[in-house]
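# Geometric and topological summary
Chain by chain, the residues:
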Amino acid sequence: MMTPLRYLFLVLGILIGLHYILSFTHEEYGRATSISNIASGLRGSQPPYKYEAKPVSDYFDGNTTVHRKANAAFVVLARNNDLQNVIASMKQMEDRFNKKFDYPWVFLNEQPFSEDFIKRTTEVTASKTSYGLIPKEHWVQPEWIDEPKAAKARQKMLENKVIYGGSVPYRNMCRFNSGFFFKHELLKDVKYYWRVEPSVKFFCDIDYDPFLVMQDGNKVYGFTISLYEYESTIPTLWETTKEFIKENPQYLAEGNAMKFISDNGGEKYNRCHFWSNFEIGDLDFWRGEAYTKYFEHLDKIGGFYYERWGDAPVHSIGAALFAKKEQIHFFDDIGYRHEPFQHCPQGAAHSKGKCWCDPADNFGMSISTTSPSFLLKIVP
Ligand SMILES: Nc1nc2c(ncn2[C@@H]2O[C@H](COP(=O)(O)OP(=O)(O)O)[C@@H](O)[C@H]2O)c(=O)[nH]1
Ligand SMILES: [Mg+2]
């Protein structure tokens, strides 16, 4: 005879048996009903809020097993009121790259940074941040510039609607980026830099170290977008450059990238330049004798103020003439936007980087084979 108690034990036994069978055969069921899970459910959920560093071998391709780092830093030139846009760029760089690689940030300004700027930019990264004041002589219009002549040039550019044509601060910035940022005290012991501007976008995960690409390949300049400079901002830049080369032919590198910047062996500048709001470069290259002498020559002539020479064509010409072609690197797999253009990696690079940009919206693609970055690749 089955008593009610026996029925109860039988049903319980069947239930426990079923539970064990399901736990072993269905992983999800097992996880959901484990004692620890039920207990943590009672305590409240505890997601992994803290980022856990992956083993270094997970994000270095190939054979690298030891964690190597370059002597490098991000460099951000900004004003206090650029703060919100600086933070937006930084956050993306941190998320896509730097929280794994831990490179320091260096901020430069001709005015002292505000407490708020320092607090917010420190907050958004776990890496070291430093804040530098730019010495006056690296920033303001030098005394050898004939101001009435410069003012006349600015007025003419304003009338002709040349972008930033009437601005002195913009010219100071271009001259500083061309010839001085790499001399700043905070960068004197640093070898490689990555320039980051406010309001830029980084579209893809960067799971390798571009600084090591520079170091291991003995490269001096890295870019993502190249385009044509406005003629009206640099009418005499190439003539001035040719003068320099004529007087100092010893500085021209063998196997240089003259073909990137000139279609007729140096006779004329074709206005191709690397878009310098993105740069990964070797500070020692800019501090070297060839570029230093070149910049001094340009600075004495005064075209930063009598015209509106940008740091992009000046850096590009410097890199193309004083480095070997192979020392200039196209970071094809770094998705990047600075208004109004972007570089969006294509094909396998797009999926590898889990990029969120539209591959059809790619500056290099829109001008296809006339793109300077394409030209650079085919230059023999
Ligand atoms: N401290 C400082 N930074 C500046 C000044 N003007 C421009 N910048 C920075 O220089 C870089 C280029 O300036 P931006 O306005 O982006 O010029 P654009 O990219 O050519 O339109 C950015 O990193 C700016 O934050 C300035 O007067 N003072
Ligand atoms: Mg900009």
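Residues numbered from 1 in each chain as written. Chains lettered and ligands numbered in written order. Predicted model: local features only at pLDDT ≥ 70, side-chain atom pairs only at ≥ 80, totals over all residues.

## What to know about the overall build of the protein chain
Assigned secondary structure in the protein chain consists of 17 helices and 12 strands. Across the 380 residues in the protein chain, those meeting the buried criterion constitute 33%. When contacts within the protein chain are restricted to residue pairs at least 6 apart in sequence, long-range pairs at least 24 apart make up 80% of them. (Helix = DSSP H or I, 4+ residues; strand = E, 2+ residues; numbered from the N terminus. Buried ≥ 20, exposed ≤ 12 C-beta atoms within 10 Å, placed from the backbone. Contact = placed C-beta atoms within 7 Å.)

## Observations regarding the sheet that holds strand 2 (residues 105-109)
With respect to topology, seven strands assemble into an open sheet ordered 3-2-1-4-9-6-10, the strand pairing being mixed. For this open sheet the edge positions go to strand 3 (129-133) and strand 10 (328-330), each flanked by a neighbour on one side alone. Pairs of neighbouring strands in the sheet enclose a mean axial angle of 20°, with direction left out of account. In terms of strand pairing, strand 6 (residues 221-223) meets strand 9 (residues 279-282) through two bridges, oriented antiparallel. Residue pairing for strand 9: Gly222 is matched across the bridge by Ile280. (Pairing = 2+ DSSP bridges. Axes fitted to C-alpha atoms, helices over the stretch in contact; angles between N-to-C directions.)

## What about the site of ligand 1?
The local shell around ligand 1 consists of Leu77, Ala78, Arg79, Asp82, Asn109, Glu110, Pro169, Met173, Glu197, Pro198 and Asn277. Among the residues making up the shell around ligand 1, the classes are represented as five nonpolar, two polar and four charged. (Near = placed C-beta within 6 Å. Nonpolar A, V, L, I, M, F, W, Y, C, P; charged D, E, K, R; others polar.)

## Considerations on the packing of helix 4 (residues 83-101) against helix 5 (residues 115-123)
Running from N to C, helix 4 and helix 5 cross one another at 15°; their axes reach a closest spacing of 10 Å. Taken together, helix 4 and helix 5 sit at an angle that is classed as roughly parallel. Judged by the sense of rotation from one axis to the other, the crossing of helix 4 with helix 5 is right-handed. Of the residues in helix 5, those in contact with Leu83, Val86, Ile87 and Met90 of helix 4 are Asp116, Phe117, Arg120 and Thr121. Tallied by class, the residues present in the contact of helix 4 with helix 5 amount to five nonpolar, one polar and two charged. (Parallel < 35°, antiparallel > 145°, perpendicular 65-115°, else oblique. Left-handed = near helix turned anticlockwise from the far one by under 90°.)

## Observations concerning helix 9 (residues 237-247)
Every buried residue of helix 9 is listed here: Leu237, Thr241 and Phe244. For helix 9, the arc enclosing every buried residue in end-on projection is 60°, short of the 170-degree limit, so these residues lie on one face. Within helix 9, the exposed residues directed more than 90 degrees away from the buried face are Glu239, Lys246 and Glu247. (Arc of directions from axis to C-beta.)

## Concerning the UniProt feature "active site" (unreviewed entry) in the protein chain
UniProt's entry tags Glu279 with the feature "active site" (unreviewed entry), counted in the numbering of this structure. Residue position: Glu279 is located in strand 9. On the basis of neighbour count, Glu279 is assigned to the buried category, with 22 C-beta atoms found within 10 Å. Residues in contact with Glu279, not counting those within four places in the same chain, are Arg195, Gly222 and Phe223. (UniProt positions renumbered as here; feature names shortened; annotations may be inferred.)

## Observations concerning the nonpolar core
If you look at the biggest cluster of nonpolar residues, it comprises 73 residues, and the most contacted ones within it are Ala73, Phe74, Val75 and Val76. It is helix 14 (residues 311-322) that contributes the most residues to this core, seven residues altogether. (Core = buried A, V, L, I, M, F, W, Y, C linked by C-beta atoms within 7 Å.)

## Considering the sheet that holds strand 12 (residues 341-343)
Read from one edge of the open sheet, three strands run 5-11-12, paired in antiparallel fashion. At either margin of the open sheet sits one strand with a lone partner, and together these are strand 5 (201-202) and strand 12. Bridge count for strand 5 against strand 11 (residues 336-338) is two bridges, and the pairing is antiparallel. Considered in strand 11, the bridge of Lys201 is made with Arg337.

## So, the environment of Asp299
One can find Asp299 in helix 12 (residues 289-301). In contact with Asp299, not counting residues within four places along its chain, are Gly179 and Phe304.

## Quick word on helix 6 (residues 147-159)
Taking 1.5 Å per residue as the helical rise, helix 6 with its 13 residues ought to reach 18 Å, and the 18 Å between its terminal C-alpha atoms agrees with that figure. Phi for Lys161, located one or two positions after helix 6, is positive at around 55°. (Expected span 1.5 Å × (residues − 1).)

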